[in-house]
Amino acid sequence: QVQLVESGGGSVQPGGSLRLSCAASGSSFIFSTYTMGWYRQAPGKQRELVASITGSGTTNYEDSVNGRFTISRDNAENTVYLQMTSLKPEDTAVYYCRKYPNSRGLGAYWGRGTQVTVSS
């Protein structure tokens, strides 16, 4: 059982910044071992990958956010972050934290999400 709790969402103007946090907890969860990711879902659209980060720090970004968003992690605190800058209205969505499954395809978990709204 793993819990992922997102925080830091809110409403900002275009061009603004926001930092999301995802705190992980639970039994038998070696946080530093697993890839973590941020996804987002806008109303009427499919959930999409925003960014991911491996335990060793290798990152991957969706093209539309590359250069604007930065994913990072603090393994000592079991927390993954998403620093969002130069926000656009198109970034408006519920943002979800995900723990990727292990090599056996087990142990994938989702947070409940945090709302990010970018508008004038």
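Residues numbered from 1 in each chain as written. Predicted model: local features only at pLDDT ≥ 70, side-chain atom pairs only at ≥ 80, totals over all residues. Heavy atoms only, no water.

**Some thoughts on the state of the cysteines**
Here is step 1 of the chain: In this structure the tally under the stated criterion is one disulfide.
Here is step 2 of the chain: One disulfide bridge connects Cys22 with Cys97, the sulfur atoms lying 2.1 Å from each other. In this structure, the disulfide formed by Cys22 and Cys97 twists by about -80° around the S-S bond and is classed as left-handed. Of this pair, Cys22 sits in strand β3 (residues 18–26) while Cys97 sits in strand β9 (residues 93–99), and the two are 75 residues apart along the sequence.
Here is step 3 of the chain: Owing to a relative accessible area of 0%, Cys97 belongs among the buried residues under this scheme. (Disulfide = S-S within 2.5 Å. Helix = DSSP H or I, 4+ residues; strand = E, 2+ residues; numbered from the N terminus. Buried < 20%, exposed > 50% of the residue type's maximum accessible area, 1.4 Å probe, protein only.)

**A word on the nonpolar core**
Here is step 1 of the chain: Of all hydrophobic cores here, the largest spans 29 residues; its most connected members are Trp38, Val80, Leu82 and Tyr95.
Here is step 2 of the chain: Broken down by secondary-structure element, the contributors of at least two residues to this core are β1 (2–7), β3, β4 (36–41), β5 (48–53), β7 (69–74), β8 (79–84), β9 and β11 (114–118).
Here is step 3 of the chain: Among the elements that make up this core, the one with the highest residue count is β3 (four residues).
Here is step 4 of the chain: In this structure Tyr95 touches Glu6, Leu20, Trp38, Tyr39, Arg40, Val50, Phe69, Leu82, Met84, Gly113, Thr114 and Val116, once residues within four positions along its chain are discounted. (Core = buried A, V, L, I, M, F, W, Y, C linked by side-chain atoms within 4.5 Å. Contact = heavy atoms within 4.5 Å.)

**Notes on the pairing of β4**
Here is step 1 of the chain: β4 sits mainly inside the fold: five of its six residues count as buried.
Here is step 2 of the chain: Alignment of β4 against β5, held across five bridges, turns out to be antiparallel. Bridging across to β5, Trp38 finds its partner in Ala51.
Here is step 3 of the chain: Where β4 folds back onto β5 in an antiparallel hairpin, the turn is made up of six residues, including Gly44, whose phi is positive at roughly 80°.
Here is step 4 of the chain: Pairing of β4 with β9 involves six bridges; the strand directions are antiparallel. Directly across from Gln41, in β9, lies its bridge partner Val94. (Pairing = 2+ DSSP bridges.)

**Considerations on the environment of Met36**
Here is step 1 of the chain: Along the chain, Met36 turns up in strand β4.
Here is step 2 of the chain: C-alpha of Met36 to C-alpha of Ala76: the two residues are 40 residues apart in sequence and 15 Å apart in space.

**Section: the packing of aromatic side chains**
Here is step 1 of the chain: Summed over all chains, the structure comprises three aromatic pairs.
Here is step 2 of the chain: Measuring from ring centre to ring centre gives 4.9 Å for Tyr39 and Trp110, while their planes differ by 70°; the resulting arrangement is edge-to-face. Here Tyr39 is found in strand β4, whereas its partner Trp110 is found in strand β10 (residues 109–110), with 71 residues between them in sequence.
Here is step 3 of the chain: Between the aromatic rings of Tyr96 and Trp110, the centroid separation amounts to 6.5 Å while the plane-to-plane angle is 90°, which identifies the pairing as edge-to-face. A residue pair is termed long-range when its members are at least 10 positions apart, and Tyr96 in strand β9 and Trp110 in strand β10 qualify at 14 residues. (Phe/Tyr/Trp six-rings, centres within 6.5 Å; stacked < 30°, edge-to-face > 60°.)

**So, unusual backbone geometry**
Here is step 1 of the chain: Within the chain, Asn78 stands out as a residue other than glycine whose phi angle is a positive 50°.
Here is step 2 of the chain: Looking at where Asn78 falls in the secondary structure, it is placed in the loop between β7 and β8.
Here is step 3 of the chain: Positive phi outside glycine occurs at Ser86, with the angle close to 50°.
Here is step 4 of the chain: Relative to the elements of secondary structure, Ser86 occurs in the loop between β8 and β9.

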